[in-house]
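Here's the letter readout for the chains.
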Amino acid sequence: MSRIIAARFDATVDADAALEALHREGFNDDEIDSFYVAPAGQNAMAPMGGDSQASAGSRFAGFGAIAGAILGGLLGMLAGLAVDSRYGAVAVLFAAGLGAYVGSFLGAMRNVRGGRKAEASVEHPLEPKAGRLIAVNADRPGMEPRALKVLREAGARDLGRADGTWRNGWKDFDPRVPLTTP
């Protein structure tokens, strides 16, 4: 395993400046990797698309959808009963179905929120923001503090450490796994 220092950049100009500064600081081309990290949920890590089967912020959305469907169905049924008696059971069934549909949507949305760092795991990730990532192999003695210094000075966001496989770049990068604080 290699010791990797990584940082995200919002602007390509800043990332390019950081790459030049890393070269000036003594890092070789085979010790630097630069790639784009897609927005959360768009990294195609799960078999059916997305990055995982669920996210930390949607853990209770299913319960909210069921509760909303029941409440919406009951309210819709009452509204259907209040409609003119010419439509009878059709109005009741239509209003109950419509109420359940709208209620399930509102119930699910009420329980969806942004994930919290304390809840993050590979199964329920709290992914970093999108942007260009620069990863530096800091296995040579004394190179880790130099990489941290250069990336900080270049305006890096989400600067951190990781252990990973390095062969002409960071081969086992996983956007769902958070970096450790340097």
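Preceding this section is the structure that the text describes.
None of the values given here were measured: they were computed from a predicted structure.

## Brief notes about the overall build of the chain
At step 1: Looking only at helices and strands, the chain features 4 helices and 4 strands.
At step 2: Put simply, the chain runs from its N terminus to its C terminus through helices and strands in the order β-α-β-α-α-β-α-β.
At step 3: Counting the 182 residues in the chain, one finds 37% classified as buried.
At step 4: Look at the contacts in the chain between residues 6 or more apart in sequence, and 76% of them connect residues 24 or more apart.
At step 5: Carbon and sulfur atoms provide 60% of the accessible area of the chain, an area that totals close to 10,900 Å².

## Remarks on the packing of helix α1 (residues 12–24) against helix α4 (residues 143–153)
At step 1: Running from N to C, α1 and α4 cross one another at 150°; their axes reach a closest spacing of 9 Å. The orientation of α1 relative to α4 falls into the category roughly antiparallel. When the axes of α1 and α4 are compared, the crossing they make is right-handed. For the pair α1 and α4, contact is made by A18, A21 and L22 and by A147, V150 and L151, respectively.
At step 2: In terms of residue class, the contact of α1 with α4 is made up of 6 nonpolar, no polar and no charged.

## So, the pattern of salt bridges
At step 1: What the rule picks out here adds up to 10 salt bridges.
At step 2: With a closest N to O distance of 3.7 Å, R3 and E144 form a salt bridge. Of this pair, R3 sits in strand β1 (residues 2–9) while E144 sits in helix α4; the two residues are 141 residues apart in sequence, bridging distant segments of the chain.
At step 3: Under the relative-accessibility criterion, E144 is labelled buried at 17%.
At step 4: Shared partners join several salt bridges into a network, and the residues in it are R3, E144, R161 and D163.

## Some points on the nonpolar core
Side chains that are nonpolar tend, in soluble globular proteins, to be buried together.
At step 1: Membership of the largest hydrophobic core comes to 20 residues, with the highest contact counts inside it found for I5, F9, L22, F27, I134, V136 and L151.
At step 2: Among the elements of the structure, β1, α1, β3 (131–137) and α4 are those that each provide at least two residues to this core.
At step 3: If near-sequence neighbours (up to four positions away) are discounted, L22 is found in contact with F27, I32, I134, V136, A147, V150 and L151.
At step 4: With 8 residues, the next largest nonpolar core counts I4, A6, V37 and W170 among its residues.

## Examining the environment of A100
At step 1: For A100, the location among the structural elements is in helix α3 (residues 88–110).
At step 2: Judged by its relative accessible area of 23%, A100 is partly exposed.
At step 3: Considering only alpha carbons, one finds A100 and A67, 33 residues apart in sequence, at a separation of 9.4 Å.
At step 4: Sequence-distant contacts of A100, that is, excluding residues within four places in its chain, are made with A69, G72 and G73.

Scoring rules and cut-offs
- Residues numbered from 1 in each chain as written.
- Predicted model: local features only at pLDDT ≥ 70, side-chain atom pairs only at ≥ 80, totals over all residues.
- Heavy atoms only, no water.
- Helix = DSSP H or I, 4+ residues; strand = E, 2+ residues; numbered from the N terminus.
- Buried < 20%, exposed > 50% of the residue type's maximum accessible area, 1.4 Å probe, protein only.
- Contact = heavy atoms within 4.5 Å.
- Areas by Shrake-Rupley, 256 points an atom, 1.4 Å probe, with all protein chains shown as cover.
- Axes fitted to C-alpha atoms, helices over the stretch in contact; angles between N-to-C directions.
- Parallel < 35°, antiparallel > 145°, perpendicular 65-115°, else oblique.
- Left-handed = near helix turned anticlockwise from the far one by under 90°.
- Nonpolar A, V, L, I, M, F, W, Y, C, P; charged D, E, K, R; others polar.
- Salt bridge = Lys/Arg side-chain N within 4 Å of Asp/Glu carboxyl O.
- Core = buried A, V, L, I, M, F, W, Y, C linked by side-chain atoms within 4.5 Å.

That's the geometry; what it means functionally is another story.
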